[in-house]
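Inside the fold
Spelled out, the chains give:
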Amino acid sequence: MHKMSRRDALKLGTNAAVSAAITPLLSAKSADAGSANGPIEAGPTSTTSPSLANTPDSSTDICFMRAVDMARLIREKKLSAREVMAAHLKQIGRVNSKVNAIVTLVAEEQLMAQAAAADESLAKGKLLGPLHGMPVGVKDLHETAGIRTTFGSPLHRDFVPDFDCRVVQREKAAGGIVIGKTNVPEFGLGSQTFNPVFGATRNPYDLTKTCGGSTGGGAVALACGMVPLADGSDMGGSLRNPPNFCNVVGIRTSPGRVPDIPTRLGWATLSVSGPVARNVTDCAFFLSVLAGFDHHSPISIDQSGEQFARPLERSFKGVRVAMFKDLGLPWDPEVRSAVKAQGKVFESLGCVVEEAEPDFTDANECFVAWRHWSNELAFGDLLATHGDQLNEHVHWHVEEGRKLTGPYLARVEAKRTALFQRLCGFKDEFDYFILPVNQVLPFDVNVHYPTEIAGVKMENYIAWMKSAYYISAAGNPAMSVPCAFSQSGLPIGLQIVGRHHDDWGVLQLGYAFEQATGVGRRRPGVV
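Quantities reported herein were computed from a predicted structural model and do not represent experimental measurements. (Residues numbered from 1 in each chain as written. Predicted model: local features only at pLDDT ≥ 70, side-chain atom pairs only at ≥ 80, totals over all residues. Heavy atoms only, no water.)

Details of the overall build of the protein chain
- Looking only at helices and strands, the protein chain has 17 helices and 17 strands in total.
- Taking all contacts inside the protein chain whose residues are at least 6 apart in sequence as the whole, residues at least 24 apart take part in 77%.
- On the protein chain, roughly 18,500 Å² of surface is accessible, and the fraction owed to carbon and sulfur atoms is 51%. (Helix = DSSP H or I, 4+ residues; strand = E, 2+ residues; numbered from the N terminus. Contact = heavy atoms within 4.5 Å. Areas by Shrake-Rupley, 256 points an atom, 1.4 Å probe, with all protein chains shown as cover.)

What follows is the structure, encoded as structure tokens:
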């Protein structure tokens, strides 16, 4: 098995897909890292827990409890960490084989031992943190000490890091227990979760459809009650697209809100990490753990994460909300009409709703150029030695990345700055911008990506995600909240975009909308 130390990682750096390509192929030089909870052996590929999966049926209430309530009951000793872990292991054993969301499960005996240790600690009066004894699903792009981290690539099928990335460190420091790894597209590229190592993750509302990506495994695990919380990352929509397709909640955080450590691109803002949950309250609660200043990140926002644990209620009387027109993009009619219909919900909250949208000129060019550039850095050197094991999307990004020149990128960044300034001006007039997360409904799980929308041909494998990655290019916080179901029973999410660094305001409006609609309470039939 490949191993890599924290020193190697900090030297080389990682950042979601940008990190994935290089680090596991390097030999370890030092062992100055490790897990806060000690190394955990990787579990088998099979995610069935034999001794729990075959026990008599018990209530699944624990598995669909709000994470904030679960945390409180554990803290009050009304629910034990062992009960929580056993319930989730049983749910995984019962449901995961249908959807393929959790691809590496930590051994049952180790998980139950960690849960027992959490109970013993609490019995002695020591609370480990806000996530005390709670299972957490970790995206298979996030390094986990002692737990296989494959990035969905055959190159890293057996890679077991000996360090935790900062997101996982914070989860463990808060008392969380890593239950296993959730599935991703290969190297996190694309918004459809399938890879050569584990295959596809299926949409729990229709097993013939995709769950989206790249945080697809996490969103499905949540929707199916297999984890109470899951982490993820987002470059072009990966914390918004899967929640949108799976009737759960995710927020693309402001760059620097959740530090990405280690990283090679400390000043980059396209890729961010953040939380996925079944409801906005839990999403904010989890963000309170993941967020916070870190001096290792040059763009880290100097604010405590604790602010996100506050009550989300507020008045929206007189708040100005812009409802999208069409952004000059093609749309599935059901998606467009479902989101447009939510204007009346925002009006019922007291908002002043007007049809308006920012000028997203150059957003596409800016996003695609910097995506090529970052992926060329990640995979360029690897192409010469392992090119036959890298997919067509990697080859495309590297080839295009090598065509970029310094003068061209300078002009692209000037265009991106102008885009940001236009959004600032737009936000001087409006507090929030509402639009769909995606331009399409969940599509066939065997289709890699939509090749056309409403008769308009897509120019590449990510072009169907423009409604999400236009926002990434600008850098504003944005979240996906359930808003409707299609006639065929597929989830449709709504995207709430806030002002620069106003993650809190986005969560507050998301919460108010969620309370007014209740769409997210509908569970998938597969559970």
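Having seen the model, we can carry on.
Digging into the side chain of Arg 240
- Tracing the backbone through its elements, the reader meets Arg 240 in the loop between β8 (230-234) and α9 (241-246).
- Within the structure, the side chain of Arg 240 is placed 3.0 Å from the side chain of Asp 234, a separation counted as a polar contact.
- Within the structure, the side chain of Arg 240 is placed 2.9 Å from the side chain of Ser 472, a separation counted as a polar contact.
- Apart from the residues lying within four places of it in its own chain, the contact partners of Arg 240 are Asp 234, Arg 252, Val 437, Ala 468, Ile 471, Ser 472, Ala 478, Ser 480 and Gln 495. (Polar contact = N/O pair within 3.5 Å; in protein donor to acceptor, adjacent residues only side chain to side chain.)

Re unusual backbone geometry
- Note the cis peptide between Gly 213 and Ser 214, where omega equals 5 degrees.
- Cis geometry is adopted by the peptide bond preceding Pro 262, which originates at Ile 261 and carries an omega value of 0 degrees.
- Summarising the element assignment, Pro 262 is placed in the loop between β9 (249-252) and β10 (272-277).
- Here the phi dihedral of Phe 151 falls at roughly 60 degrees; this positive angle occurs in a residue that is not glycine.
- When you line up the elements, Phe 151 lands in the loop between β2 (135-139) and α7 (166-173).
- Its relative accessible area of 0% is what places Phe 151 among the buried residues. (Buried < 20%, exposed > 50% of the residue type's maximum accessible area, 1.4 Å probe, protein only.)

Considerations on the confidence of the model for the protein chain
- When pLDDT is averaged along the protein chain, the result is 91; 89% of the residues meet or exceed 70.
- Within the model, the stretch residues 6-57 combines pLDDT values under 50 with 143 contacts to residues more than four positions away or in other chains. (pLDDT = per-residue confidence, 0-100.)

Looking at the pairing of strand β13 (residues 432-436)
- By the criterion of burial, β13 is predominantly enclosed, with five of the five residues buried.
- In terms of strand pairing, strand β11 (residues 320-323) meets β13 through three bridges, oriented parallel. Bridge pairing in β13 links Val 321 to Tyr 432. (Pairing = 2+ DSSP bridges.)

Thoughts on the packing of aromatic side chains
- Under the defined criterion, the tally for this structure stands at 17 aromatic pairs.
- With centroids separated by 5.9 Å and ring planes inclined at 80 degrees, the aromatic side chains of Phe 426 and Phe 433 adopt a geometry described as edge-to-face.
- In this structure Phe 426 comes out as buried when scored by relative accessible area, which is 10%.
- On the basis of relative accessibility, which here comes to 2%, the residue Phe 433 falls in the buried class.
- Connected via pairs of aromatic rings, a cluster forms that spans Phe 360, Phe 367, Phe 426, Phe 430, Phe 433, Tyr 469 and Tyr 470.
- Here the guanidinium or amino end of Arg 314 rests over the ring plane of Phe 316, the centre of that ring lying 4.1 Å away.
- Here the basic side chain of Arg 522 rests over the ring of Phe 485, its NZ or CZ set 3.8 Å away from the ring centre. (Phe/Tyr/Trp six-rings, centres within 6.5 Å; stacked < 30°, edge-to-face > 60°. Lys NZ or Arg CZ within 6 Å of the ring centre and 35° of its normal.)

Observations regarding helix α14 (residues 392-401)
- Along α14, the positions that sit buried rather than exposed are His 393, Val 394, His 397, Val 398 and Gly 401. One side of α14 carries all its buried residues, which in axial view fall inside an arc of 130 degrees.
- In this structure, the buried side of α14 is in contact with α13 (363-386).
- At the N-terminal end of α14, a side-chain oxygen is found 3.0 Å from the backbone nitrogen of His 393, two or three residues along, and the residue is Asn 391. (Arc of directions from axis to C-beta.)

A look at helix α5 (residues 81-99)
- Here α5 spans 26 Å end to end across 19 residues, near enough to the 27 Å set by a 1.5 Å rise per residue.
- Of the residues one or two after α5, Asn 100 is the one with positive phi, at around 60 degrees. (Expected span 1.5 Å × (residues − 1).)

Quick word on the packing of helix α15 (residues 406-429) against helix α16 (residues 466-474)
- It is the contact of α15 with α16, at a shortest axis distance of 9 Å, that shows an interaxial angle of 100 degrees. Considering the angle they form, α15 stands roughly perpendicular to α16. Only Ser 472, Ala 473 and Ala 474 of α16 make contact with α15, whose side of the interface consists of Arg 416, Leu 419, Phe 420 and Leu 423.
- The residue inventory of the contact of α15 with α16, partitioned by class, reads five nonpolar, one polar and one charged. (Axes fitted to C-alpha atoms, helices over the stretch in contact; angles between N-to-C directions. Parallel < 35°, antiparallel > 145°, perpendicular 65-115°, else oblique. Nonpolar A, V, L, I, M, F, W, Y, C, P; charged D, E, K, R; others polar.)

Things to note about the side chain of Thr 215
- Within the element layout of this structure, Thr 215 appears in the loop between β7 (206-210) and α8 (216-223).
- What makes Thr 215 buried here is its relative accessible area of 1%.
- Here Lys 139 takes part through its side chain, which lies 2.9 Å from a polar atom of the side chain of Thr 215.
- Separated by 3.3 Å, the side chain of Thr 215 and the backbone oxygen of Ser 233 make a polar contact.

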